[in-house]
Amino acid sequence: MECNRFFVIADTHYFASSIGAYGEEYEKRMRYEQKTHAETQAINEAVFEYLESVKDIDVVLIAGDLTYNGEKESHKGFTRLLKRLKESGKRIYIITAGHDYRPHPYGFNENGRFDVEGIKRGDLFDYYYEFGFKNALAVDREHLSYCAQLFPGVRLLALNNDDDGTGKPTYSGEQIEWIREQAIKGREDGQFMIAMNHYPLLPGKPVFALTPDAVMKNADAVTTMLADEGVHLCFTGHMHNQSINEKITEKGNKFYDVCTGSITGCPAKIRIVTIKDEKTVKIESMPVPDFEWDMGGKTTEKYFADQFDMMINSTIEDMAGNPDRLLRDFGASGNRILQAVFSRLGKIVSTSTIGSFSKKLLVKADPAISERKLQDLVAEVVRNMFEGDQPYIEGTPEYELFMKVLGRFRPIIKILNKKFPSVNGKPADLFEIVKHTIGNYGIPDNEAELILK
Ligand SMILES: [Fe+2]
Ligand SMILES: [Fe+2]
């Protein structure tokens, strides 16, 4: 097999600048956003210009959430970019996702938020026909999925799972059968099969398994089927984080989920994938290039990181003053005990240093970190989780601190473990979840060589 290379980008969230995103209400909203909004047209233009400039990579995969919220103007602008890139000689394979047909897309101006025209899910096939469907070997139009020949000997299953009528990402039985047929056919034809799917199939980080739509409902069955039928690698997006995770089925087959962050928010990465031979795939990551925007003197990386940290810092403020806003995300709205715990925690996090916080809990922090503001550590830990390769593994002062602190809350954690959904079929264990959230022990998330079988 010859060496095949391609780009993967995800969650482009293109928002046409002509709609408008500014004003007081917009600024207020952006306090809670991980990704940028007004900047996204400029970011996409810079990323596409870069992709076009790389002459030795001809294939680009885009893993869904193409537009901000499905604004008609954004679809028009984004497809213009796709067309230009295609005309430059690239082959483009997209899938769409939930943000491409939201029922009430909007913009912002000095008077606040206003509605704009969107498109229907049924229109997506025509909008994006040229970018995957047109030259596909097989198309499942109802599910906006297709199977395409990426290179000689390499086939892509571009899968969409955002509409089973329940509003939750999942595959219907009928679609699973179509996927199985394509996988078997690929195997019989001697093809190296890979997949792309917007919603993660394995939780990027263990804590994501607690978020309602972070992983598909029937992901376990689907990943087992894919791996056992010979599809060992899938590119995903949606959570806007960088992660690579592995599962081994009962039959001993491997399945890898390579999740790529959004180009419009920290960590803002582009993946470069090299299929080295029939069982080895190399994954590399690079930052999105600089884009045309007034960043107030910041580097692009700092600009994205500051947007991310603003979201965390606003969330900590809400923890203290409006805890129910956060509990709603965990399906625990109205829970008085959790409200009290969140509120107290929020106040402590925003006013303590690591040292003073530890002292209150009768825990000893390493002097090397005790002067640091607790809120800064929390913001960094969350950002690390999205950037991947989290550094606070066993033996670091930060790891020791987190475990000692959790130990002080053991009785509450026992209650919480029962309230959270199981993770990969096992009961939730907050100690394990936190351990793997602050430190990455598995495959590196940004640069890795995967052995598929
Ligand atoms: Fe997204
Ligand atoms: Fe998404």
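Before reading on, note that the structure itself is shown above.
Residues numbered from 1 in each chain as written. Chains lettered and ligands numbered in written order. Predicted model: local features only at pLDDT ≥ 70, side-chain atom pairs only at ≥ 80, totals over all residues. Heavy atoms only, no water.

Turning our eyes to something else, we now look at the overall build of the chain. When helices and strands are tallied, the chain shows 15 helices and 15 strands. Rg of the C-alpha trace for the chain: 22 Å, near the compact-globule value of 22 Å for 453 residues, within the 12% margin. Overall size of the chain, expressed as C-alpha extent along the three principal axes, is 65 × 55 × 40 Å. In the chain, which comprises 453 residues, the proportion classed as buried is 57%. Here the contacts in the chain between residues at least 6 apart in sequence split such that 71% fall between residues at least 24 apart. Accessible surface for the chain amounts to roughly 19900 Å². Of this, 51% is attributable to carbon and sulfur atoms. Each charge class in the chain can be summarised by its mean position, and for the 57 positive and 67 negative side chains these summaries are 5 Å apart. (Helix = DSSP H or I, 4+ residues; strand = E, 2+ residues; numbered from the N terminus. Rg over C-alpha atoms; globule rule 2.2 N^0.38 Å. Buried < 20%, exposed > 50% of the residue type's maximum accessible area, 1.4 Å probe, protein only. Contact = heavy atoms within 4.5 Å. Areas by Shrake-Rupley, 256 points an atom, 1.4 Å probe, with all protein chains shown as cover. Lys, Arg positive; Asp, Glu negative; His and termini not counted. Charge placed at Lys NZ, Arg CZ, Asp CG, Glu CD.)

This brings us to the side chain of Thr280. Tracing the sequence through the fold places Thr280 in strand E14 (residues 280–287). A polar side-chain atom of Thr280 sits 2.8 Å from a polar atom in the side chain of Asp277. Setting aside residues up to four positions removed in sequence, Thr280 forms contacts with Thr274, Ile275, Glu449, Leu450 and Ile451. (Polar contact = N/O pair within 3.5 Å; in protein donor to acceptor, adjacent residues only side chain to side chain.)

This next bit is on the coordination of the iron ion (ligand 1). For the iron ion (ligand 1), the full set of protein donor atoms is Asp11 (OD), His13 (NE2), Asp65 (OD) and His240 (NE2), at a range of 2.1 to 2.5 Å. Because the angles between the 4 donor atoms bound to the iron ion (ligand 1) fall within 84 to 169°, the donor set is best described as irregular. Each donor residue of the iron ion (ligand 1) belongs to the same chain, and together they define the spacing D-x1-H-x51-D-x174-H. Here the iron ion (ligand 1) and the iron ion (ligand 2) are spaced 3.6 Å apart, and both take Asp65 as a donor. (Donors = N, O, S within 2.8 Å, 3.2 Å for Na, K, Ca; no water. Tetrahedral: all angles 85-135°; square planar, octahedral: opposite > 155°, others 65-115°.)

The residue Ala21 is located in the loop between strand E1 (4–9) and helix H1 (24–30) in this model. Ala21 sits 87 residues away from Phe108 along the chain, and the two C-alpha atoms are 4.5 Å apart.

Turning our attention to the sheet that holds strand E10 (residues 231–236). With respect to topology, 7 strands assemble into an open sheet ordered E6-E7-E8-E9-E10-E12-E11, the strand pairing being mixed. Sheet topology places strand E6 (138–140) and strand E11 (243–248) at the edges, where each strand pairs with a single neighbour. Averaged over neighbouring strand pairs, the angle between their axes works out to 20° when direction is ignored. Across 3 bridges, E6 lies against strand E7 (residues 145–151) in antiparallel orientation. Paired with Asp140 across the bridge in E7 is Ser145. Strands in contact with helix H6 (residues 173–188) are E6, E7, strand E8 (154–159), strand E9 (192–197) and E10; relative to E8, the strand with the most contacts, it is inclined by about 175°. Seen against the sheet, helix H7 (residues 219–228) touches E8, E10, E11 and strand E12 (254–259) and runs at an angle of roughly 120° to E12. (Pairing = 2+ DSSP bridges. Axes fitted to C-alpha atoms, helices over the stretch in contact; angles between N-to-C directions.)

Coordination of the iron ion (ligand 2) by the protein involves Asp65 (OD), His198 (NE2) and His238 (ND1), with metal-donor separations of 2.1 to 2.2 Å. Counting gaps between the donor residues of the iron ion (ligand 2) yields the pattern D-x132-H-x39-H.

The final tally for this structure, using the stated rule, is 16 aromatic pairs. Aromatic ring contacts, followed pair by pair, group Phe125, Tyr129, Phe133 and Tyr146 into a single cluster. When the ring centre of Tyr68 is taken as origin, the NZ or CZ atom of Lys35, which lies over that ring, is 4.7 Å away. Above the plane of the ring of Tyr441 lies Lys435, whose end atom (NZ or CZ) is 5.0 Å from the centre. (Phe/Tyr/Trp six-rings, centres within 6.5 Å; stacked < 30°, edge-to-face > 60°. Lys NZ or Arg CZ within 6 Å of the ring centre and 35° of its normal.)

Here we take up the pairing of E9. Of all 6 residues in E9, 6 are buried; the element is thus mostly enclosed. The side-chain alternation of E9 yields two buried faces, one formed by Phe192, Ile194 and Met196 and the other by Met193, Ala195 and Asn197. Both E8 and E9 contribute to a ladder of 6 bridges, which runs parallel. Paired with Leu157 across the strands is Ala195, a residue of E9. Both E9 and E10 contribute to a ladder of 3 bridges, which runs parallel. Bridge pairing in E10 links Met193 to Val231.

Looking now at the environment of Val381. Counting through the fold element by element, Val381 comes out in helix H12 (residues 374–387). Judged by its relative accessible area of 8%, Val381 falls in the buried class. Sequence separation between Val381 and Leu201 is 180 residues, and the spatial gap between their C-alpha atoms is 24 Å. Sequence-distant contacts of Val381, defined by excluding residues within four places in its chain, comprise Tyr392, Phe402 and Ile438.

Here we take up H7. Here H7 has its buried residues at Ala219, Val222, Thr223, Met225, Leu226 and Ala227. Where H7 is buried, its residues contact E8, H6, E10, E11 and E12. A positive backbone phi angle near 100° is found at Gly230, which sits one or two residues after H7.

Right, let's talk about the pattern of salt bridges for a bit. Opposite charge on two side chains permits them to pair, given that their charged atoms come into close proximity. Applying the stated criterion across every chain, the model contains 24 salt bridges. A salt bridge links Arg180 to Glu177, with the shortest nitrogen-to-oxygen separation between them at 3.4 Å. With a gap of 3 residues between them, Arg180 and Glu177 both fall in helix H6, about one helical turn apart. The partly exposed category is assigned to Arg180, whose relative accessible area is 28%. By relative accessible area, which is 38% here, Glu177 ends up partly exposed. Notably, a salt bridge pairs Glu394 with Lys435, separated by 2.9 Å at the nearest N-O pair. Of this pair, Glu394 sits in the loop between H12 and helix H13 (397–408) while Lys435 sits in helix H15 (residues 430–438); the two residues are 41 residues apart in sequence, bridging distant segments of the chain. Overall, Glu394 belongs to the partly exposed group, its relative accessible area being 46%. Overall, the relative accessible area of 16% leaves Lys435 in the buried class. (Salt bridge = Lys/Arg side-chain N within 4 Å of Asp/Glu carboxyl O.)

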